[in-house]
Each structure stands twice: as structure tokens, then as C-alpha cells.
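Coordinates in review
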Amino acid sequence: AVRVRGVVTSVPQGTLDVLRFRLSPLPGGDSRTLPRLIELTWYDAPARVDAAETLELEVKLRRPRGFANPGGRDNEARMLRDHVGASGYVRSGERLGRASNAAFNYPVLLARAHIASIIRDALGERPSAGIVAGLAVGLQDALSRDQWLQLSRSGTSHLMAISGLHIAMVAAAFAWLGGRVQRFRQSRGATGAARDVSVVAGAIAALGYSLLAGWSVPTQRTMVMIACGAAALLLRRRIGVADGLGVCVVGVLLLDPLAPLAPGFWLSFGAVAVILYGATGHVRPLGLIRSYLLVQAVVTLGLVPVLAGSFGSVSLVSALVNLYAIPLYTLLIVPAVLVSCAVAMIADDAGAALLDWTGRLIESTWPLIEVPAAWPL
């Protein structure tokens with residue numbers, strides 16, 4: 001066992017019985033021989049620790065290792081990708097509070113933790129609490145094991161990953177709002193193209209949501225794509241589909257060279273590649289319904305090799321479930337989650353009422369995922 005003083009650099013997950021968080025050791029003492037990031041579990045914790053809080057702990061650590069069975073998660077690769085140098089559990093500890101400069105050093109982490117606490121206070125232990133936290137601030141560990149199993153068996157796990165569709169939706173909303181504001185300013189004599197303002201507003205909104213989502217591989221990919229598109233529009237340049245996708249791959253690898261260790265990297269770029277292949281190059285417009293069905297078909301077939309290679313199984317009901325689950329979550333549940341959390345940060349009572357309504361909506365529609373997940377296909 002070693003004594004370590006460090007700062008909590010994640011949003012703690014779980015209950016007091018089993019509390020999980022990441023700790024960044026501070027200089028001094030045994031910390032000189034410790035890695036920069038440690039993954040800890042605190043069993044029977046005396047109190048819930050907070051993000052960006054300083055702790056002094058007695059911990060038992062081990063080197064990064066874990067099972068890597070076919071069809072399962074490679075835990076050692078995950079820890080390498082996340083720059084976690086050790087894992088272990090807490091024997092005893094003392095909370096020292098937050099440093100005076102914590103808000104300056106960890107603004108995004110504290111914002112995510114604040115939103116997560118609002119959701120936890122409003123929904124408690126309800127089944128929808130983890131889903132709302134996952135969609136709002138990317139806390140995928142908040143979902144139960146049964147929920148993840150049902151999502152996996154129905155082929156809808158991607159709905160809980162804040163992905164390109166969610167971020168692009170937020171970017172489009174703010175781009176529209178920025179354009180409207182600029183047109184109003186133009187009517188008062190202001191200069192500047194409304195399209196440029198829309199592009200900048202959408203890119204800033206996408207960056208903000210990507211950071212709140214935890215800056216995962218899907219959000220990185222989406223943010224790089226939006227940044228490339230924004231740069232092309234602002235510079236009045238045209239960029240080809242394949243070139244644009246290639247630039248995005250290079251951009252993500254520059255940000256995170258270990259990104260290919262995550263299945264999400266291959267799923268993200270694989271999905272975008274097959275969508276672009278199926279949706280571009282048509283002489284005549286296909287129409288909304290045909291385009292949607294075509295996209296579902298090419299994604300279902302195109303990702304079979306990646307899914308089989310990464311997880312050892314493919315859900316045969318995913319094409320059916322995604323037909324209604326994607327519009328349900330993208331057009332209804334995700335906007336409801338974001339609006340509820342935004343209102344809750346301003347007005348407690350109104351936000352709690354909206355979060356309660358959103359939770360009821362998720363719970364009432366969950367059988368649409370749960371029932372197909374029980375089928376043998």
C-alpha cells in the first residue's frame with residue numbers, strides 16, 4: 001500500500017458501496033514514482049467524493065492488466081488509450097476539499113459534475129437516470145450492466161454514445177440561431193455574411209458539447225469534421241468527400257494517436273464511410289424516406305466486419321430497431337435531455353419537472369429496445 005495525495009479528475013460513478021473515480025497524483029511523497037493517472041475503486045466509502053476534489057488516500061495499486069477474451073473488452077488496451085498507468089482500491093482516505101484554483105484548472109470537469117449532480121438529485125436511482133447522464137455529459141458508466149446488455153443485443157449501443165448525429169444536431173440549432181441573429185443585425189446596418197456567423201456559431205456549439213461529452217473518439221471525430229467543414233466554408237473552398245474523410249482521420253490521430261485502440265474509432269469512421277458511399281453520387285434525389293432506408297441498410301451491412309471483429313457478435317434485429325430508435329432518440333429524447341438540463345441549471349424546480357418528464361419518456365419507450373433484445377436473433 002502507498003500513501004498518495006491527488007486530485008479527482010473524473011466525475012465519480014457508482015454508490016457509496018462501490019465508488020469509482022480517477023485520481024491524478026500531486027507532486028511529493030510516494031507520488032514521485034506513481035503514474036500521472038490512477039483508476040481507483042473505493043468500497044464502503046464514508047462519503048461521496050466530488051470532481052476536482054483533493055484527497056489523501058492509502059491505496060493498493062497494480063499495473064494495468066485485464067482480460068482480453070474474444071468478444072470482450074481489452075481492458076489493458078483501454079487503460080493504455082486513456083493514459084491510466086495503474087488501477088487499485090482505496091484502503092482509507094481523507095477528503096481535503098477543492099483547491100482555490102480548481103474552477104480555473106478544471107472548468108469542463110466541474111461543469112460535467114454539476115450537471116450530473118442535478119440529474120442525480122432529480123431522478124435518483126430511477127432506471128432512466130443513467131441514460132440521461134450518458135446523453136447529457138457522456139457518463140456511460142452511469143448505465144447499468146443490464147441496460148448495456150439490452151442495447152448491445154438490440155444493436156442500439158451507439159444511441160448512448162454522444163455521436164456525430166447528436167453533436168451535429170446541436171451545431172445545426174446554434175448555426176440557425178446565429179444566422180437569425182446576424183440577419184437581424186444586418187437589418188440594423190451591421191456587416192458580415194450571415195452564413196459565416198452561422199458556421200462559427202455552430203462550430204463553437206459543437207466544441208462545447210464535445211467537451212461536455214467527455215471528448216470521446218466519436219465526439220473528436222465529429223468535432224474535427226465540423227471544424228474542417230467550417231474552415232472550408234469560411235475560406236470559400238470546396239473539398240471532396242474522400243479527401244474530407246481522410247483529413248478527419250488524420251486530425252483525430254494527431255489529437256489522439258492511440259484512438260485506433262478503441263472500437264469506437266473503427267465504428268465511427270466505418271459508419272461515416274459507408275453512409276457517404278451510399279448517400280452520395282446519385283443522379284436524382286432519393287427522397288427522405290428512401291434516403292433514410294438506404295442509410296440504415298448500408299450501415300447495417302457495412303459495419304458487420306467491424307462489429308464481428310470487435311465484439312464477436314452481430315445483432316440481427318438492429319436494422320429493425322434502429323429504424324424507429326434513431327429518430328426517437330435523435331429528434332425527441334436527446335433534445336428533451338439537453339433542454340431539461342439547460343433549464344435545470346437556471347431554474348431548479350422547472351428543470352426538475354422537465355427531467356422527471358424526460359425520465360418518464362425514456363422509461364415508457366424502453367420496452368421498444370428491451371423486448372427485441374430478448375429475441376434469440
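First things first, this report covers the structure right here in the doc. All values reported here derive from a predicted model rather than from experimental measurement.

Analysis parameters
- Residues numbered from 1 in each chain as written.
- Predicted model: local features only at pLDDT ≥ 70, side-chain atom pairs only at ≥ 80, totals over all residues.
- Heavy atoms only, no water.
- Helix = DSSP H or I, 4+ residues; strand = E, 2+ residues; numbered from the N terminus.
- Contact = heavy atoms within 4.5 Å.
- Polar contact = N/O pair within 3.5 Å; in protein donor to acceptor, adjacent residues only side chain to side chain.
- Patch = residues over 30% accessible without salt bridge, like charges linked within 9 Å, V, L, I, M, F, W, Y side chains within 5 Å.
- Areas by Shrake-Rupley, 256 points an atom, 1.4 Å probe, with all protein chains shown as cover.
- Salt bridge = Lys/Arg side-chain N within 4 Å of Asp/Glu carboxyl O.
- Core = buried A, V, L, I, M, F, W, Y, C linked by side-chain atoms within 4.5 Å.
- Buried < 20%, exposed > 50% of the residue type's maximum accessible area, 1.4 Å probe, protein only.
- Pairing = 2+ DSSP bridges.

To continue, consider the environment of Arg 95. With respect to the element layout, Arg 95 can be found in strand β6 (residues 86–98). Distance from Arg 95 to Ala 353, taken between C-alpha atoms, is 33 Å for residues 258 residues apart in sequence. Each residue touching Arg 95, except ones within four places of it in the same chain, is listed here: Ala 47, Arg 48, Val 49, Asp 50, Glu 53, Thr 54 and Leu 55. Within the structure, the side chain of Arg 95 is placed 3.3 Å from the backbone oxygen of Arg 48, a separation counted as a polar contact. Polar contacts involving the side chain of Arg 95 include one to the side chain of Glu 53, which spans 2.8 Å.

Before going further, it helps to spend a moment on a nonpolar patch on the surface. A contiguous nonpolar patch, built from Phe 174, Trp 176, Leu 177 and Val 181 and spanning about 430 Å² of accessible area, is present on the exposed surface. Tracing the sequence through the fold places Trp 176 in helix α6 (residues 164–187).

With that out of the way, let us pick up the nonpolar core. Ranked by internal contacts, the top residues of the largest apolar core, which has 49 residues, are Ile 119, Leu 135, Met 160, Tyr 329 and Ile 333. Contributing elements (two or more residues each) for this core: α3 (107–123), α4 (127–137), α6, α7 (194–212), α13 (318–346) and α14 (348–365). Looking at this core, the element that brings in the most residues is α13, giving 10 residues. With residues up to four places along the chain from it excluded, the contact list for Met 160 reads Ile 131, Gly 134, Leu 135, Gln 140, Leu 143, Trp 148, Leu 151 and Tyr 329. Counting residues in hydrophobic clusters, the runner-up holds 15 residues, among them Val 8, Phe 21, Leu 34 and Val 59.

Here Asp 44, not a glycine, exhibits a phi torsion of approximately 55°, which is positive. The phi torsion at Arg 236 lies on the positive side, around 60°, for a residue other than glycine. Its location among the elements puts Arg 236 in the loop between α8 (217–234) and α9 (241–255).

Right, let's get into the pairing of strand β4 (residues 38–43). The side chains of a regular strand alternate, residue by residue, between the two faces of the sheet. Within β4, five of the six residues are buried, which leaves it mostly tucked inside the rest of the structure. Both strand β3 (residues 18–25) and β4 contribute to a ladder of six bridges, which runs antiparallel. Within β4, the position partnered with Arg 22 by the bridge is Glu 39. Judged from the four bridges that link them, β4 and β6 form a sheet pairing that is parallel.

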